[in-house]
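A structural walkthrough
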Amino acid sequence: MTKRIAVFASGNGSNFQVIAEQFPVAFVFSDHRDAYVLERAKKLGVPSYAFELKEFDNKTAYEEAIIDLLDKHEIDLVVLAGYMKIVASPLLARYEGRMINIHPAYLPEFPGAHGIEDAWYAGVEESGVTIHWVDSGVDSGKIIRQERVPRLESDTIDTFEERIHAMEYRLYPEVLESLGVERRR
């Protein structure tokens, strides 16, 4: 039996789309009601949910609403794909060991929200992509897989970013399959 996955994204949703085209996704969740990922989900026929932290009294209530969604859909693995909120308790307590994240840098180098830009402006010769388990830190969970992406002499920040995203689109499906998520037939 394949693992049931939910994908969380805050913005564009390009990693979500790559995943949803290859794997059954129970639903996508966004913390922004106007995120483009919701349009992608609609086009792909994937159920979607969106609500924002500001709609709740506190972060605990917000995360409890997310847990209710995950429980309702019997989710085995939460896949963060550009989800820009820090996961806290109670969500982390409930899903630790069942939640993964992708980060556009070779961790522990350049954690946080701007991995590509931080690597670029630091002048590194290479950066990369990391997929890791989510823990209570910021991009500090146990690494599942990493790949380096060189910075070429001809690169602009845009071409560097494009190559990092291309690596993400290759790696995330490989990692999902290695974790027991079956591809679409």
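These figures come from a predicted structure and were not determined experimentally.

1. Considering the nonpolar core
The biggest cluster of nonpolar side chains holds 36 residues, and the ones touching the most others in it are Phe 16, Ile 19 and Val 79. Looking at this core, the elements that each hand over two or more residues are strand E1 (5–8), helix H1 (14–22), helix H2 (36–44), strand E4 (77–80), strand E5 (99–103), helix H5 (115–122), strand E6 (126–133) and helix H6 (157–178). For this core, the element with the highest residue contribution is H6, accounting for 7 residues. With residues up to four places along the chain from it excluded, the contact list for Val 79 reads Ile 5, Ala 6, Val 7, Phe 8, Ile 19, Ile 100, Tyr 172 and Leu 176. Core analysis: the next-biggest nonpolar cluster, separate from the first, contains 22 residues, Phe 29, Tyr 83, Leu 92 and Met 99 among them.

2. Focus: H5
All of the buried residues along H5 are Gly 115, Ile 116, Ala 119 and Trp 120. Down the axis of H5, the buried set is contained in an arc of 125°. They therefore lie on one face. Tucked inside the fold, the buried residues of H5 contact E5, E6 and H6. Looking at the residues trailing H5, positive phi occurs at Gly 123, about 75°.

3. Considerations on the pattern of salt bridges
All chains considered together, the criterion is met by 12 salt bridges. Linking Glu 109 and Arg 148 is a salt bridge whose minimum nitrogen-to-oxygen distance equals 3.0 Å. Residue Glu 109 is located in the loop between E5 and H5, and its partner Arg 148 is located in strand E7 (residues 143–150); the two are separated by 39 residues in the primary sequence. On the basis of relative accessible area, Glu 109 is assigned to the partly exposed category, the value being 29%. Measuring nitrogen to oxygen at the nearest pair gives 2.7 Å for the salt bridge that ties Arg 163 to Asp 155. Judged by its relative accessible area of 11%, Asp 155 is buried. Each of Arg 145, Glu 147, Arg 170 and Glu 174 takes part in one network of salt bridges that share partners.

4. Overview of the packing of H5 against H6
For the pair H5 and H6, the least separation of the axes is 10 Å and the interaxial angle reads 130°. Relative to H6, H5 is oriented oblique. Seen from above, H5 lies across H6 with right-handed handedness. Residue-level contacts link Ile 116, Glu 117, Ala 119, Trp 120 and Tyr 121 of H5 to Ile 157, Phe 160, Glu 161, Ile 164 and His 165 of H6. Grouping the amino acids of the contact of H5 with H6 by side-chain chemistry returns 7 nonpolar, 1 polar and 2 charged.

Cut-offs and rules
Residues numbered from 1 in each chain as written. Predicted model: local features only at pLDDT ≥ 70, side-chain atom pairs only at ≥ 80, totals over all residues. Heavy atoms only, no water. Core = buried A, V, L, I, M, F, W, Y, C linked by side-chain atoms within 4.5 Å. Buried < 20%, exposed > 50% of the residue type's maximum accessible area, 1.4 Å probe, protein only. Helix = DSSP H or I, 4+ residues; strand = E, 2+ residues; numbered from the N terminus. Contact = heavy atoms within 4.5 Å. Arc of directions from axis to C-beta. Salt bridge = Lys/Arg side-chain N within 4 Å of Asp/Glu carboxyl O. Axes fitted to C-alpha atoms, helices over the stretch in contact; angles between N-to-C directions. Parallel < 35°, antiparallel > 145°, perpendicular 65-115°, else oblique. Left-handed = near helix turned anticlockwise from the far one by under 90°. Nonpolar A, V, L, I, M, F, W, Y, C, P; charged D, E, K, R; others polar.

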